[in-house]
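The chain contents come next:
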2 protein chains.
Amino acid sequence: MTDPLHVGATIGILGGGQLGRMLSVAASRLGLRTHIFEPGANPPAADVAHRVTTASYDDAAALTAFGRSVDVITYEFENIPTSALDLLEALAPIHPGRQALATSQDRLTEKTFLQRLGLQTAPFADIAAMADLTAAIARIGTPAILKTRRMGYDGKGQARIMGPDDAAAALADIEGAPAILEGFIDFSHEVSVIGARATDGSVACYDPGENLHEAGILRTTTVPARLTPALRTDAVLIAAKILNALDYVGVMGVELFVTPQGLIVNEFAPRVHNSGHWTQNGCIICQFEQHIRAIAGWPLGDGMRHADVVMENLIGEDVNRVPDLAKTGAAIHLYGKSGVKPGRKMGHVNRIVKRA
Amino acid sequence: MTDPLHVGATIGILGGGQLGRMLSVAASRLGLRTHIFEPGANPPAADVAHRVTTASYDDAAALTAFGRSVDVITYEFENIPTSALDLLEALAPIHPGRQALATSQDRLTEKTFLQRLGLQTAPFADIAAMADLTAAIARIGTPAILKTRRMGYDGKGQARIMGPDDAAAALADIEGAPAILEGFIDFSHEVSVIGARATDGSVACYDPGENLHEAGILRTTTVPARLTPALRTDAVLIAAKILNALDYVGVMGVELFVTPQGLIVNEFAPRVHNSGHWTQNGCIICQFEQHIRAIAGWPLGDGMRHADVVMENLIGEDVNRVPDLAKTGAAIHLYGKSGVKPGRKMGHVNRIVKRA
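Residues numbered from 1 in each chain as written. Chains lettered and ligands numbered in written order. Predicted model: local features only at pLDDT ≥ 70, side-chain atom pairs only at ≥ 80, totals over all residues.

Quick notes on helix α1 (residues 18-29) of chain A
Residue and element names in this part refer to chain A.
Link 1 in the chain: For α1, built from twelve residues, the straight-helix expectation of 16 Å at 1.5 Å per residue is met to within 8% by its first-to-last C-alpha distance of 17 Å.
Link 2 in the chain: With twelve of twelve residues buried, α1 lies mostly within the body of the structure.
Link 3 in the chain: For α1, the full list of buried residues reads Gln18, Leu19, Gly20, Arg21, Met22, Leu23, Ser24, Val25, Ala26, Ala27, Ser28 and Arg29.
Link 4 in the chain: Phi turns positive, to about 80°, at Gly31, one or two residues after α1. (Helix = DSSP H or I, 4+ residues; strand = E, 2+ residues; numbered from the N terminus. Expected span 1.5 Å × (residues − 1). Buried ≥ 20, exposed ≤ 12 C-beta atoms within 10 Å, placed from the backbone.)

So, in structure tokens, the structure goes:
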């Protein structure tokens, strides 16, 4: 364990979207600066960062200068090119580490990893070609979902298979990318646990939230989630198991399906997570600060939930509701994005339903 | 009333200290950018601002460029040169307005204003020369405090007078600056109200906090303050009276002495206030966001207190306690200042004592 980062130290963040923006704000509370690396122009995080580098992930000179200017590196999305990581890890520690990234970047690796930990997942099969898919459908059955192994998010890179006849179309849909077939899970609802692990190995999890998706995009997270006391404990134990197995440092989001057979792990994301945004108004220390504390070598903070909260994403035109929302008691969080597009996350709202 | 500021609009902030820093963070939550104007190098607010201008307040070109780049102007301290304000107000609206600034910049004007509103103040006298001081001491009595009319903060520009013999030394102490003599108030404790007024004239006040000073610098603020229900109401009414009389837009801190004769107004500050930092962890909408909402033409947010909080300033070497404080459940707020000096505000800590 290295010394904790002190006032004036700089955290490098790969990605300048809303997660990078809120990480920057959290870093500032601890006296730390951020340097954002982002290929796109005018990223949301730039409004609140000490420094911004606009360059692509194959620009070795820009990556090198970035890596040399920071004390630790983190990221707001998991699909960072391996070549960039290879270059950067020689220059500054990267948290969460390579193993977590490699595991979560690939759905096949991720599911295999989870199974080896003894955790329940959906039945799955490795799909490289049509023959694999035919065999997998015969074994797993339908309905099932074909998902690309890499680069999927917000429901992208997925095709639903309702019967064997859909197989060819589904494979065409994902354009022949390496994929897995996932069996259908009969779940009542989805919950997620936002867990954190510090450099000293201590773990702290937030109370699980219940997630509602629309068109593959998170719509609301409600805390507390509907869970029996036993499942609530299970959810936290599952997250802790994953965090420890990866010798993880930082915050992770773990999505779980609630079924009559217990909790089934859907996936985990090695970063702060949309379903943890409620912590900004429901806890003393939010997920963004918890992540910064972990990667900066600080002790984890108090993540106890002090309120019942409903987080609602403002997606696309939802942002036009802000003038009305501003008149309510809700806490509004906008990302500073000027272009409204369907499906684009523009902000979110946290409503306190009840004090815990 | 003008239209509220929208995503991407820029708030100009005069002063780049910790208040500007925390105002910047609050602005980002509402999708707004900040442009900091600050004569000193590497100001704390620069870490989280979209843009920073480093220039002096007599640099007309820099002020003009700054004023043209922003949609509204606010400030984190009240001693802004009049010439700078004259130039800026032609370029963008300034909130809080000139009347509030002019009134609070001068202790004589401020006390006179408060008296005209029918509010209780300490007995005071205008002191231009030794003859005034002698007469004032005879009328007001001792102990009393000689204070410069302008530029006083954190106990600077003040001299205590325990008896008539101290008069000459006190006058020498403040180097002949225009001053007022203030009679001693026999108060049990000091409280402050953080009040906000929106462009539509609506007013919202936070629950009063109780302040403890050491060597003229705020040490702790505790909410709730020790106040009878009647005095608690009085405190809010006094703040509202001042806000309305000044047709004020923004957040104001009003310091009050609690005495057997009721509340006596010490002074008010036309800005976010150190004694309101507890709101960051005790309310859904903190004083910084409330100020941004007001000056941006938004409706005021929910300032209801949901916890009992003790805010403690980290002054000078106090910042060395951060590693230990980080292990507690406290919320730490550091200002990113690298140089530790005695009396310098380095950060603060909010401790939740009890959920309200």
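From this point, things continue past the structure.
Digging into the sheet that holds strand β5 (residues 124-127) of chain B
Sheets are built from strands paired through backbone hydrogen bonds, the pairs being either parallel or antiparallel.
Residue and element names in this part refer to chain B.
Link 1 in the chain: With antiparallel pairing, the four strands of this open sheet are ordered in space as β5-β8-β6-β7. Where the open sheet ends on each side, the last strands, each with one partner, are β5 and β7 (158-161). On average, adjacent strands in this sheet sit at an angle of 20° to one another, irrespective of strand direction.
Link 2 in the chain: Sheet topology places strand β6 (residues 144-148) next to strand β8 (residues 179-183); five bridges connect them, and they run antiparallel. When the sheet's bridge partners are listed, Ala144 is paired in β8 with Gly183.
Link 3 in the chain: Packing of helix α5 (residues 107-116) onto the sheet brings it into contact with β5, β6 and β8, and relative to β8 it is tilted by some 50°. (Pairing = 2+ DSSP bridges. Axes fitted to C-alpha atoms, helices over the stretch in contact; angles between N-to-C directions. Contact = placed C-beta atoms within 7 Å.)

A short note on the interface of chain B and chain A
Link 1 in the chain: Listed as interface residues are 34 residues of chain B and, on the opposing side, 34 residues of chain A.
Link 2 in the chain: Ranked by the residues each element gives to the side of chain B that touches chain A, the list is headed by helix α1 (residues 18-29) of chain B, at five residues.

Concerning the nonpolar core
Link 1 in the chain: Membership of the largest hydrophobic core comes to 210 residues, with the highest contact counts inside it found for A:Leu181, A:Leu256, A:Ile292, B:Leu181, B:Leu256 and B:Ile292.
Link 2 in the chain: Excluding its chain neighbours within four sequence positions, the residues that come into contact with A:Leu256 are A:Glu190, A:Val191, A:Ser192, A:Val193, A:Ala235, A:Ile238, A:Leu263, A:Ile264, A:Val265 and A:Asn266. (Core = buried A, V, L, I, M, F, W, Y, C linked by C-beta atoms within 7 Å.)

Focus on the relation of the copies chain B and chain A
Link 1 in the chain: Here chain B sits on chain A after a turn of 180° about the axis and a move of 0.0 Å along it, with an RMSD of 0.0 Å. Such a turn and shift between the copies fits a two-fold axis. Among all C-alpha atoms of chain B, that of B:Val48 lies closest to the rotation axis, at 1.9 Å.
Link 2 in the chain: A shared binding surface is used by both copies, with 100% of the interface residues of chain B retained as interface residues in chain A. (Least-squares fit on C-alpha atoms with pLDDT ≥ 70 in both.)

A closer look at helix α8 (residues 229-245) of chain B
Residue and element names in this part refer to chain B.
Link 1 in the chain: With 17 residues, α8 ought to run about 24 Å at 1.5 Å a step, and its terminal C-alpha atoms sit 24 Å apart, in line with that.
Link 2 in the chain: Inspection of α8 places Ala235, Ile238, Ala239, Ile242 and Leu243 among the buried residues, and these make up the whole buried set. Projected down its long axis, α8 carries its buried residues within an arc of 130°, all on one side. Along α8, exposed side chains directed more than 90 degrees from the buried face belong to Pro229, Ala230 and Thr233.
Link 3 in the chain: The inward-facing, buried residues of α8 abut β9 (189-197), β10 (203-205), β13 (250-259) and β14 (262-269).
Link 4 in the chain: Downstream of α8 by one or two residues, Asp247 has phi in the positive range, about 45°. (Arc of directions from axis to C-beta.)

Section: the packing of α1(B) against helix α10 (residues 287-295) of chain B
Two measures define how a pair of helices packs: the angle their axes make with one another and the distance between the axes.
All names here are of chain B.
Link 1 in the chain: Running from N to C, α1 and α10 point in directions that differ by 65°, and their axes come no closer than 8 Å. Of the two elements, α1 crosses α10, and the hand of that crossing is right-handed. The segment α1 lies against α10, with Met22, Leu23, Val25, Ala26, Ala27 and Arg29 engaging Phe288, Glu289, His291 and Ile292.
Link 2 in the chain: Taken together, the residues that form the contact of α1 with α10 break down as seven nonpolar, one polar and two charged. (Left-handed = near helix turned anticlockwise from the far one by under 90°. Nonpolar A, V, L, I, M, F, W, Y, C, P; charged D, E, K, R; others polar.)

Some points on the packing of helix α4 (residues 98-105) of chain A against helix α5 (residues 107-116) of chain A
Residue and element names in this part refer to chain A.
Link 1 in the chain: It is at 5 Å that the axes of α4 and α5 come closest, and there the two elements cross at 110°. In terms of their interaxial angle, α4 and α5 are classed as roughly perpendicular. For the pair α4 and α5, the contacting residues are Ala102, Thr103 and Ser104 in the first and Thr109, Glu110 and Phe113 in the second.
Link 2 in the chain: Each residue belonging to the contact of α4 with α5 can be placed in one class, and the counts come to two nonpolar, three polar and one charged. (Parallel < 35°, antiparallel > 145°, perpendicular 65-115°, else oblique.)

Here we look at the pairing of strand β14 (residues 262-269) of chain A
Residues and elements named next belong to chain A.
Link 1 in the chain: Most of β14 sits inside the fold, with six of its eight residues counted as buried.
Link 2 in the chain: Judged from the seven bridges that link them, strand β13 (residues 250-259) and β14 form a sheet pairing that is antiparallel. Bridge pairing links Phe257 to Ile264 in β14.
Link 3 in the chain: With antiparallel pairing between neighbouring strands as the criterion, β13 and β14 make up a hairpin whose turn holds two residues.

Observations regarding unusual backbone geometry
Link 1 in the chain: With an omega dihedral of -10°, the bond running from B:His95 to B:Pro96 counts as a cis peptide bond.
Link 2 in the chain: Examined against the element boundaries, B:Pro96 turns out to sit in the loop between α3 (82-88) and α4 (98-105).
Link 3 in the chain: In this model, B:Thr142 is joined to B:Pro143 through a cis peptide bond whose omega is 0°.
Link 4 in the chain: Within the fold, B:Pro143 resides in the loop between α6 (130-140) and β6.
Link 5 in the chain: One non-glycine residue with positive phi stands out, namely A:Ala215, at about 55°.
Link 6 in the chain: Following the sequence through the fold, A:Ala215 ends up in the loop between β11 (209-214) and β12 (217-223).
Link 7 in the chain: Even without glycine at this site, A:Asp247 takes up a positive phi of about 45°.
Link 8 in the chain: Tracing the sequence through the fold places A:Asp247 in the loop between α8 (229-245) and β13.

So, the environment of A:Ala129
Link 1 in the chain: As for its placement among the helices and strands, A:Ala129 is situated in the loop between β5 (124-127) and α6 (130-140).
Link 2 in the chain: Separated by 85 residues in the primary sequence, A:Ala129 and A:Pro44 have C-alpha atoms spaced 40 Å apart.

What to know about the confidence of the model for chain A
Interpreting fine coordinate detail is not advised for predicted regions of low pLDDT.
Link 1 in the chain: Here chain A averages 95 in pLDDT, while 98% of its residues score no lower than 70.
Link 2 in the chain: Taken together, the chains of this predicted complex give a pTM of 0.94 and an interface ipTM of 0.92. (pLDDT = per-residue confidence, 0-100.)

Structural notes on the domain arrangement of chain A
Residues and elements named next belong to chain A.
Link 1 in the chain: Segmenting chain A into domains produces domain 1 (10-94), domain 2 (123-183) and domain 3 (189-355).
Link 2 in the chain: Computed from C-alpha atoms alone, the centre-to-centre distance between domain 1 and domain 3 is 22 Å.
Link 3 in the chain: With 20 residues of domain 1 at the interface, the matching set in domain 3 holds 17 residues.
Link 4 in the chain: Of all the secondary structure elements, the ones that give two or more residues to the side of domain 1 that touches domain 3 are α1 and β4 (72-75). (Domains from an automatic or database assignment.)

Things to note about the sheet that holds strand β3 (residues 51-54) of chain A
Residues and elements named next belong to chain A.
Link 1 in the chain: Taken together, the four strands give an open sheet; going across it, the order is β3-β2-β1-β4, and neighbouring strands pair in parallel fashion. Two strands lie at the open edges of the sheet, namely β3 and β4, each paired on one side alone. Taking each pair of neighbouring strands and ignoring which way they run, the sheet shows an average axis angle of 20°.
Link 2 in the chain: Packed on one face of the sheet, helix α2 (residues 60-69) meets β1 (10-14), β2 (33-38), β3 and β4 and runs near 165° to β2.

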